[in-house]
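Observations on the model geometry
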Amino acid sequence: MDVRSQIAMVFHLDKCIGCHTCSIACKNIWTDRKGAEYMWWNNVETKPGTGYPTKWEDQEIYRGGWEKKNGKVSLKGAGKRRGLTNIFYNPNLPIIDDYYEPFTYKYLDLIESPEGDDQPTARPVSLITGKPIDIKMGPNWDDDLSGTPDFARNDPNMKNISPEEQEVMFQLEKMAFFYLPRICNHCLNPACVASCPSGAIYKRGEDGVVLINQEVCRAWRMCVTACPYKKSYYNWYTGKSEKCILCYPRIEAGLAPACMHSCVGRIRYLGVLLYDADKIESAVHGDDKDLINNQLDLILDPFDKEVIRAAKMNGVADSTIHAAQFSPVYKFVKEWGLALPLHPEFRTLPMLFYVPPLLPVMATVKKVDNKDQQDKMDPIAKKWDDNWLYDTSTKELWGTLDEIRFPLKYIASLFSAGDEEIVKDKWKKLLAVRIHRRRVTVGDVSDEKADATLADAGLTAAVADAIYALTSLPKFEERFVIPAAHREQAIEMMDFTGDAKGEAGFGIKGKVKRGI
Amino acid sequence: MDVLNNFFLIALPYVALAVFLIGSIYRYTYKGFQFSSLSSQFLEGRKLFYGSVPFHWGVLFIFTGHLVAFLIPRGILAWNSQPLRLMILEISAFIFGISMLVGLINLLIRRYTTPRLRFVTNKMDFVIYMLLILQTITGLWIAYNFRWGSSWFSTLLVPYLHSIFKLQPDISAVSLLPWTVKLHIIGAFTIIGIVPFSRLIHFLVPPIDYIWRPYQQVRWYWGRRKVRSPRTPWSLHRPKNN
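Residues numbered from 1 in each chain as written. Chains lettered and ligands numbered in written order. Predicted model: local features only at pLDDT ≥ 70, side-chain atom pairs only at ≥ 80, totals over all residues. Heavy atoms only, no water.

**Quick look at the overall build of chain A**
The secondary structure content of chain A amounts to 25 helices and 16 strands. Burial analysis of chain A (516 residues in total) assigns 58% to the buried set. Taking contacts inside chain A between residues at least 6 apart in sequence as the whole, the part at least 24 apart equals 70%. Roughly 21,300 Å² of accessible area belongs to chain A as shown, and the carbon and sulfur atoms make up 52% of that amount. (Helix = DSSP H or I, 4+ residues; strand = E, 2+ residues; numbered from the N terminus. Buried < 20%, exposed > 50% of the residue type's maximum accessible area, 1.4 Å probe, protein only. Contact = heavy atoms within 4.5 Å. Areas by Shrake-Rupley, 256 points an atom, 1.4 Å probe, with all protein chains shown as cover.)

Printed below as a string of C-alpha cells:
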C-alpha cells in the first residue's frame, strides 16, 4: 500500500447558478496576461452544449485522454511514438479558433470620439492582432442557450440519445439545462503529464496538484492534445503551456482556491483524499463499466488504523491525515456515494467529482388537454395553445425517475461512461434526502413512505440529515478542509507574486521576457 | 586573401563556438523561461504542416549526415566505396536538402502572410530564415556542382573541422576550396554562433529522454520518508524545488 494524499474537489451541480464568478476570480488572478487572455482555467458550461473549446468532449476530433485497445491503455493522440513523430506538426492540436479569438473593446473611443450626430461605439478589437474583429465565439458563447441548434444539438453526449428524446429536451419551452463548471481535474493518471516530451509537467507528491514547470516547457504542445478535458492551454505569446494550478500558493497557506472561495452558490467542496497509488495501474486498465468503482476503490478510509500507519510511513503529515478525516470530499464521494467523476471513460482518474444535478430532471412534462379550460375563458383573454403541463409532483417517487424529461442517458454519458444505473443510484439518494427532509420540515410525507424511500436508496435518516447539512448549511470551514502546509521553507523560496504579475504568472524569478 | 581566410575560417569558428557554448549554457541555466521552440501552430495550424514537416525532417537528416561524417569520416568513405551506395546517400541527401528548402520557403511565406503571426515574429526570426535559406541553397549548389560531396567532405573538410577542435587550426586545404564552399562554412558557423540568441536554441533540448522516461511523474519537495525521520531535521535538507 502506497498511501498518498490528494487535494480533491466536489462540485454540487444542483447548487450551481451559472454566474461565472469562479471564472472571473480565476481570470483576475492568473490569466489576465498577454497570450493567456483566451484561457479560462475555470470555465462554466451550459449543458447540453458544445462547451469550450467547442466540442471538447468529442475525442474523435481532439484525440485526448487514454484509450484501451487489446487490453493495453495508451494515450489516444499523444504518447511516446506519436508525440515524438508528430513533434514538428501536431495534427491533433486545437488552434485558437477552436476556443475563440480573445477580444476587448475600444472603450477609449467612447470618450475621445469627436462630437458628431451619432453615438460613439466601442468596437471590438482582437487581443492578438489589435485589429477590429467581428466576434464569432466566446468562452461561454452558449450560455443558457441549450435549446439552440448551434450548441445543444452539437453536444457530443447527444450521440446515443434518440431524436424524440432530444426533441423533448430542445423545445425551447420545455428546455432543460444545467451548468457544468470545469477546472483542471488534477487527475491521478494525468494524460498531460504522460504526454509531455520535455518532462515539464508533474504531479506534486504532497497534494497531487498537477503543474507545468514554465522553465522546462519547450512548447512541444502535446499536453494540449492529450488532456481530454482541454485544460492545458498553450500560451501563444510566451510559447509555454499553462494550466490550472489549483491556486497552490493559496492551498499552501491553507486558503481555498480563488474559484472556490468566490463561489456564490457555494457548490464547491475541497478536501484531502488518501489513496493507494499501487492500485492506479490496475484501476486504469479496467473495463469502462468498472472504471468508477475502480476509482472509488483507490480511495482509502482515513480512519483505518492500517491506512494511517502506511500514510505516516510515506511521510504524509499528521495535519493532512487529520484533514482527510474531516474531508467533505471523502463524505460525498466515498461515504455517501453521491459524487461522480466527469467522463471517467477518458481514464485519467479525475479528482474532481460532481454531484449530478437532480433539479432539471425532477419535473416531467405531461401532455394534457387544455381545450375545456380554454373554452371557458373569455374570448378576448390571451390563450396559450400549448397542451403540456410542467409537473413537479413527486407523488410517484421512482416513477418520476423513470419518465424524467431529461434523459438519464445524457447524464450517464457525462458522469458514468454511459452506465445509467450508477446515475440512477445517485438520483435515488438525492431524492430520498429531499423527501426525508420534507417529512422533517413540512411533515406532509408519511413516515412509511419516507422510510421506504430512504431504505430503497440505501440511506438512514441520520445519513440523510448529514447529507442535507453538508449540502445546504455548510460553513466555510466545512466546505474547505485544507491541511496546513508543511512547506514553509519552500514558500520562502518563492518570490513575491507581484513581481511577475502581468508577465508570466506565479513562481518565476526575475524579469520575464518572451523567448527570442 | 590570407587575412580574410584567417578571419572567416579560423577566427569566426572560434568566436562562434565560444558564443554558442557560453551563451547556450547561460541561457539554459538562467533563462529557462526563454528556452522554447515558440511554436506558432496554435495561431495557424494548416499551412504550418507544409513548412515545418519537410523542413524539420530534412534538417534532421542533413544535420545527422554532417555529424556522422564529422565523427566517423572513415565510415562514410567505406560506405561510399561502392558507387551504388554513394548514389543512394547523395541522392537521398539531396532530396532531404530540397525538402528543407521547400519547407523553409513555405515557412517564410506563412509567417509573413498570416496576419496573426506578425505578433509572434521578431527580427531574429527573419535573420534565421535568411541564414537557413542561404545555407540550404549553398549546400544544394555544392552538392550538385562539386561531386561527390559526401566523399570530399570526409577527406577535406573533416580534417579541417577536427583541427579546429584540436586547437591547431589548419586551413591549408580549405582555403583553396571554391568560394561557395567557404560561404557554406561561414554560414554554418554563423548559424552556430547565433543559436543562443534565437529560437534555434530549441534544437539543443530534443526530448530524447522521453523515450525511456516513465509516463507519469510525481515529485516530492523532499524525500517523503525523510520528512518524518527525527534524525534528519528539515533544515539539513534543502528542498528540491525543481
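More follows now that the structure is in view.
**Remarks on the overall build of chain B**
Looking only at helices and strands, chain B features seven helices and one strand. Starting at the N terminus, the α and β elements of chain B follow one another as α-α-α-α-α-α-α-β. With 242 residues in all, chain B has 45% of them scored as buried. Within chain B, counting contacts between residues at least 6 apart in sequence, those at least 24 apart form 75% of the total.

**Overview of unusual backbone geometry**
For the bond from Lys47 of chain A to Pro48 of chain A, the omega torsion is 0°, close enough to zero to count as cis. Mapped onto the elements of the fold, Pro48 of chain A is located in the loop between strand 2 (43-47) and helix 2 (59-62). A cis amide bond links Arg147 of chain B to the next residue, Trp148 of chain B, at an omega of -10°. The residue Asn70 of chain A is not glycine, and still its phi comes out positive at about 50°.

**Considering the packing of aromatic side chains**
What the rule picks out here adds up to 34 aromatic pairs over all chains. Ring plane angle 80° and centroid distance 5.1 Å describe the contact between Phe88 of chain A and Trp57 of chain B, whose orientation is recorded as edge-to-face. Taken together, the residues Phe88 of chain A in the loop between helix 3 (80-85) and helix 4 (96-99) and Trp57 of chain B in helix 2 (residues 47-71) connect one chain to another. On the basis of relative accessible area, Trp57 of chain B is assigned to the partly exposed category, the value being 35%. (Phe/Tyr/Trp six-rings, centres within 6.5 Å; stacked < 30°, edge-to-face > 60°.)

**Section: the confidence of the model for chain B**
Counting all residues, the mean pLDDT for chain B is 89, and 90% of those residues have values of 70 or more. pLDDT under 50 marks residues 232-242 of chain B. Its contacts with residues more than four places away, or in other chains, come to 25 contacts. (pLDDT = per-residue confidence, 0-100.)

**Focus: the pattern of salt bridges**
All names here are of chain A. The final tally for this structure, using the stated rule, is 29 salt bridges over all chains. For Asp425, the salt bridge goes to Lys426, with nearest N and O atoms at 3.5 Å. Here Lys426 falls in the buried class, since its relative accessible area comes to 7%. Ionic pairing is found between Asp465 and Arg437, a salt bridge with its closest N-O pair at 2.8 Å. With a gap of 28 residues between them, Asp465 in helix 22 (residues 461-472) and Arg437 in helix 20 (residues 420-441) connect regions that are remote in the sequence. A residue is classified by how much of its surface remains accessible, and Asp465, at 27% relative accessible area, is partly exposed. A residue is classified by how much of its surface remains accessible, and Arg437, at 16% relative accessible area, is buried. Several salt bridges share partner residues, and in doing so they unite Glu60, Arg63, Glu67, Lys69 and Lys76 into one network. (Salt bridge = Lys/Arg side-chain N within 4 Å of Asp/Glu carboxyl O.)

**Points about the sheet that holds strand 8 (residues 201-204) of chain A**
Pairing between sheet strands relies on hydrogen bonds along the backbone, with the strands arranged either parallel or antiparallel. Pairing is mixed in the open sheet, where three strands are placed in the order 9(A)-8(A)-1(B). Of all strands in the sheet, those with a lone pairing partner are strand 9 (210-212) of chain A together with strand 1 (218-219) of chain B, marking the two edges. Two strands pair when backbone bridges link them, and strand 8 of chain A and strand 9 of chain A are joined in this way by three bridges, in the antiparallel orientation. Note on strand 9 of chain A: the bridge partner recorded for Ile201 of chain A is Ile212 of chain A. (Pairing = 2+ DSSP bridges.)

**A word on the side chain of Ser23 of chain A**
Here Ser23 of chain A lies in helix 1 (residues 21-31). Residues within four places of Ser23 of chain A in sequence aside, it is in contact with Trp40, Asn42, Asn43 and Val44 of chain A.

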